[in-house]
Amino acid sequence: MKIAMNCTQLLNCLVPTALLLFAAGMGSVEAREPDRIVDLWPDLAPGETTRDVGHPRPQRANEIPPATRVEAITRPQLWWYDPPAGQRSGAAVLVFPGGGYNYVVVDKEGSEVAEWLNSLGIAAGVVRYRSKAASWEEAAFWSRPVQDGQRAVRLVRTHAKQWGLDANRIGVLGFSAGGNAAALVSTRFDHPEYQAIDDIDAASPRPDACLLLYPWRLVNSTADGLAEEVTVSPQTPASFLVHAHDDGVTSLSSVYFYTALKRLNLPAELHIYANGGHGYGLRPVEDSDVDTWPDRAATWLEQVGWTVPQDVEDTAN
């Protein structure tokens, strides 16, 4: 209990500090360097002919602090952030930033979120998955990001003991298009999206928990149910969902996903805020309390045991 209380105290300190920085009109948000950067694929990713880590788009003049949007990624990577020594729970969460699959918002929905997870004792890996290129021709617009997502889960699970992690507490967290990827990784783990290439692919791609923040395009074309590719089953992991009622990316994505979980009596928690729009990450939104979602998520993570240290030697596989 003492550890859980310390995690909450850390979170309560972080949020007011962030608010002060935003209010001061800082020009940027400085995130620490990752502890490691790992290529998801040893050579070319499936279907690619190049290996490019991508490049940032010009920053938006009216966005303070600005966000970094990296496009044209064909060499997907995992940017890894460890909590401080002595504060590690052994759990890990892979973060999928948004960007409409056209780019990846690597800070506002990436490294900033990793630092918040670290404050809870949870290791975090920001998945810089492939962003859309003119050469993409497959009908499944989500295929390549989901390939990268399945590979990322397998890679972390394979290296769990080496990295001091519990192989049975590896989750995913996705924003917007990253929420689409995270949802599909959490529901299509028994549908391999690529041919196995090495021993890493022998590990399970199923996450042990799923957090979806304003997930994009989970509904079908008539918005009366989930899209066909979102295959919720009794094996879908415990899920936490957040959306704003006034989000232009319909909150029905979260509602229908939650409903499917509820019908199967699976662990789930859903928060629909009255307002807040879209694309806020951890950052405050004027005249909205949508930025309180990390408090709700921290409580949920505590309840499912992810902020409490466990014996990694006994649980890793």
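One structure accompanies this document, and this report is about it. (Residues numbered from 1 in each chain as written. Predicted model: local features only at pLDDT ≥ 70, side-chain atom pairs only at ≥ 80, totals over all residues. Heavy atoms only, no water.)

Quick look at the overall build of the protein chain
Point 1. Counting secondary structure elements, the protein chain contains seven helices and 11 strands.
Point 2. Sorting the 317 residues of the protein chain into buried and exposed places 55% on the buried side.
Point 3. The long-range fraction of contacts in the protein chain, counting pairs at least 24 apart against all pairs at least 6 apart in sequence, stands at 79%.
Point 4. Carbon and sulfur atoms form 51% of the exposed surface of the protein chain, whose accessible area is close to 13500 Å². (Helix = DSSP H or I, 4+ residues; strand = E, 2+ residues; numbered from the N terminus. Buried < 20%, exposed > 50% of the residue type's maximum accessible area, 1.4 Å probe, protein only. Contact = heavy atoms within 4.5 Å. Areas by Shrake-Rupley, 256 points an atom, 1.4 Å probe, with all protein chains shown as cover.)

Observations regarding empty space enclosed by the protein
Point 1. Overall, the coordinates contain one cavity of 30 Å³ or more when judged by the stated rule.
Point 2. Of the pockets and cavities examined, the largest cavity occupies roughly 60 Å³.
Point 3. Considering the residues around the largest cavity, the lining is formed by D82, P83, R88, G90, A91, G121, A123, W163, G164 and L165.
Point 4. Split by residue class, the lining of the largest cavity holds five nonpolar, three polar and two charged. (1 Å grid on protein atoms, 1.4 Å probe; cavity = no way out; pocket = protein on both sides within 12 Å on 5 of 7 lines; lining within 4 Å. Points joined across faces, edges and corners; volume = space filled by probe spheres on them. Nonpolar A, V, L, I, M, F, W, Y, C, P; charged D, E, K, R; others polar.)

Examining the sheet that holds strand β5 (residues 92-96)
Sheet strands associate in pairs through backbone hydrogen bonding, adopting either a parallel or an antiparallel arrangement.
Point 1. On the basis of which strands lie adjacent, the open sheet formed by eight strands has the order β1-β4-β7-β5-β8-β9-β10-β11 and mixed pairing. Of all the strands in the sheet, the pair left with one neighbour each is β1 (36-39) and β11 (268-273). With strand direction ignored, the average angle separating the axes of adjacent strands in the sheet is 15°.
Point 2. Sitting on the sheet, helix α5 (residues 252-263) touches β9 (209-213), β10 (238-244) and β11, and the angle it makes with β10 is about 155°. (Pairing = 2+ DSSP bridges. Axes fitted to C-alpha atoms, helices over the stretch in contact; angles between N-to-C directions.)

Here's the deal with the environment of S89
Point 1. Topologically, S89 is positioned in the loop between β4 (77-81) and β5.
Point 2. Taking the C-alpha atoms as reference points, S89 and V308, 219 residues apart in sequence, are found 5.2 Å from one another.
Point 3. The residues touching S89, leaving out its near neighbours within four places in the chain, are G121, I122, R169, W306, T307, V308, P309 and Q310.
Point 4. At a separation of 3.1 Å, a polar atom in the side chain of S89 contacts the main-chain amide nitrogen of A91. (Polar contact = N/O pair within 3.5 Å; in protein donor to acceptor, adjacent residues only side chain to side chain.)

Concerning the packing of aromatic side chains
Point 1. Summed over the entire model, instances satisfying the criterion amount to 12 aromatic pairs.
Point 2. Between W41 and Y194 the ring centres are 4.7 Å apart and the planes differ by 80°, which places this aromatic pair in the edge-to-face class. Of this pair, W41 sits in the loop between β1 and β2 (55-56) while Y194 sits in the loop between α4 (177-187) and β9; the two residues are 153 residues apart in sequence, bridging distant segments of the chain.
Point 3. By relative accessible area, W41 is classed as buried at 4%.
Point 4. Owing to a relative accessible area of 9%, Y194 belongs among the buried residues under this scheme.
Point 5. A connected cluster of aromatic rings, assembled from ring pairs, spans F96, Y101, Y129, F141 and W216.
Point 6. Directly above the aromatic system of W79 lies the positively charged group of R128, at a separation of 3.6 Å from the ring centroid.
Point 7. Note that R206 overlies the ring of F189, its terminal NZ or CZ placed 5.9 Å from the centroid. (Phe/Tyr/Trp six-rings, centres within 6.5 Å; stacked < 30°, edge-to-face > 60°. Lys NZ or Arg CZ within 6 Å of the ring centre and 35° of its normal.)

Points about the packing of helix α3 (residues 143-158) against α4
Geometry of a packed helix pair, given as the angle between the helix axes and the separation of the axes.
Point 1. Here α3 crosses α4 at 60°, and the two axes come no closer than 9 Å. Taken together, the axis directions place α3 and α4 in an arrangement best described as oblique. Handedness of the α3/α4 crossing: right-handed. Across the interface between the two elements, P145, V146, G149, Q150 and V153 of α3 pack against A181, L184 and V185 of α4.
Point 2. Of the residues in the contact of α3 with α4, the class split is six nonpolar, two polar and no charged. (Parallel < 35°, antiparallel > 145°, perpendicular 65-115°, else oblique. Left-handed = near helix turned anticlockwise from the far one by under 90°.)

Points about the pairing of β10
Point 1. For β10, the buried fraction is high: seven of the seven residues fall into the buried class.
Point 2. Neither face of β10 is left uncovered, since the one carrying A238, F240, V242 and A244 and the one carrying S239, L241 and H243 both have all their residues buried.
Point 3. Two strands pair when backbone bridges link them, and β9 and β10 are joined in this way by five bridges, in the parallel orientation. Bridge pairing in β10 places L213 opposite V242.
Point 4. With six bridges connecting them, β10 and β11 associate as parallel partners. Among the inter-strand pairings, L241 is bridged to a residue of β11, identified as L270.
Point 5. You can see the chain leave β10, run along α5 and come back into β11, and the turn it takes is right-handed. (Right-handed = clockwise from strand over helix to strand, strands pointing away.)

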